[in-house]
Amino acid sequence: MRASNLYAPTLRNTPAEAEIASHQLMYRAGMIRKTAGGMYTFLPLAWRTIRKIEQIIREEMDAAGGQEIMMPILQPAEYWQESGRWGAYGDEMMRIKDRHGRDFCLGPTHEEMITALVRDEVRSYKQLPLMLYQIQDKFRDERRPRFGLMRSREFIMKDLYSFDKDVEGMNESYKKMYDAYTNIFTRMGLEFRPVEADNGAIGGGHSHEFTVLADAGESNIAVCTKCDYAASDEKAELKPVEAPAEDELPLEKVSTPGTNTIEALCDFLKVPADKTIKAVAYQTDKDEL
């Protein structure tokens, strides 16, 4: 295709809503256009980029033993009611009714759907392990969509679900996906760090987030410089640090003329600010209270 025929309407000025560099540049380069809050149309340049990313993901998923399927985004309420998450998931789930009055939701995730599919087909442990994945739209009704595609309401997700005969098999499948994600981010040339993460509404025993290190973003990570520990700020476990023991000194009255601020007092006594206590006492007659 000739560049003159490419549909990439660039912008000279950046829309006021674009707060971070990626959002601004994608607007100006003619890659995306806003449809509604947290919802965007991908123009040709962006869609070609997404297709290349999807190809890398498919190659690594297939190499790890995954098989691609496609499930509907519209999900019957019965599956979610059976799992107990219909009411527990919260307002992020978009709940709707069809013309017959039946309850559905726009899928924020697909655990219920994939479980219903596999339980009706897999009859023996000999059919396991089984890893099924899809690359498909998700919808989460975010209270405050922001940062362009980083926190949107409708987005594209690759989600893989493994079914194993025992915990050992589950851990093996988890390790395969961990390695596959490492390969994906490496092939994309991204600087990243796998960190322990909070499972949120999806649940589960443990999980990792592969976090791209960047100046702009919506999450923070805690990293230990002396070991391999790394976790999201929602998951990081903080332990109190005990102050070193100090010998108590005898109380002593010291005159401090002209030291009417903590800073002046610290300079006068040659002590750090965290070793001071500021107390103000008021004395008045009882009848005046």
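So, here's what we can say about the structure. Numbering of residues starts from 1 in every chain and runs along the sequence as written. Only residues with pLDDT of at least 70 are given local features in this predicted model, and only at 80 or more are side-chain atom pairs given and counted; all residues enter the totals for whole chains, interfaces and linings. Calculation of side-chain values draws on the structure's entire complement of heavy atoms; hydrogens and water are dropped beforehand.

Attention shifts here to the overall build of the protein. Scanning the protein for helices and strands turns up six helices and twelve strands. The classification of residues rests on relative accessible area computed with a 1.4 Å probe and restricted to protein chains. Under 20% of the type maximum is buried, over 50% is exposed, and intermediate values are partly exposed. Relative to its full complement of 289 residues, the protein shows a buried share of 28%. Residue burial considers only the protein chains on display, and all accessible areas are found by Shrake-Rupley using a 1.4 Å probe. In the structure as shown, the protein presents an accessible area of about 20,600 Å², 52% of it carried by carbon and sulfur atoms. By the criteria applied, helices consist of DSSP H or I runs no shorter than four residues and strands consist of E runs no shorter than two, each listed in order from the N terminus.

Only buried residues count toward a nonpolar core. Its members are Ala, Val, Leu, Ile, Met, Phe, Trp, Tyr and Cys residues joined through side-chain atoms within 4.5 Å. In this structure, Ile-57, Met-61, Leu-160, Met-177, Ala-180 and Ile-184 are the most contacted members of the largest nonpolar core, which totals 13 residues. Among the secondary structure elements, those contributing two or more residues to this core are α2 (44–63), β7 (130–139) and α5 (167–187). Per-element accounting of this core gives the leading share, four residues, to α5. When checking whether two residues touch, look at their non-hydrogen atoms; a contact exists if any pair is within 4.5 Å. Discounting residues that sit within four places of it in the chain, Ile-184 has contacts with Ile-56, Ile-57, Glu-60 and Met-61. Counting residues in each nonpolar core, the second largest holds eight residues, with Met-71, Ile-114, Tyr-161 and Phe-163 among its members.

Our next topic: the sheet that holds strand β4 (residues 74–76). Taken in spatial order, the three strands line up as β4-β6-β5 in an open sheet, and their pairing is antiparallel. Two strands in the sheet have a free side with no partner beyond their single neighbour: β4 and β5 (94–97). Strand-to-strand twist across the sheet, computed as the mean angle between neighbouring axes with direction ignored, equals 35°. The sheet contact formed by β4 and strand β6 (residues 103–106) spans three bridges and is antiparallel. Bridging across to β6, Gln-75 finds its partner in Cys-105. Two strands pair if DSSP finds at least two bridges between them. Axes here mean lines fitted to C-alpha atoms, for a helix over just the part in contact, with angles spanning 0 to 180 degrees between N-to-C directions.

At their nearest, the axes of α2 and α5 sit 9 Å apart, and the two run at 150° to each other. In terms of their interaxial angle, α2 and α5 are classed as roughly antiparallel. In terms of crossing hand, the pair formed by α2 and α5 is right-handed. Across from Ile-56, Ile-57, Glu-59, Glu-60 and Met-61 in α2, the residues of α5 making contact are Met-177, Ala-180, Asn-183, Ile-184 and Arg-187. Looking at side-chain class alone, the contact of α2 with α5 contains six nonpolar, one polar and three charged residues. To sort the angles, those under 35 degrees are grouped as roughly parallel, those over 145 as roughly antiparallel, those from 65 to 115 as roughly perpendicular, and the leftovers as oblique. A crossing counts as left-handed when the near helix is turned anticlockwise from the far one by less than a right angle, and as right-handed when that turn is clockwise. Ten residue types, Ala, Val, Leu, Ile, Met, Phe, Trp, Tyr, Cys and Pro, are classed as nonpolar, four, Asp, Glu, Lys and Arg, as charged, and the remainder, Gly among them, as polar.

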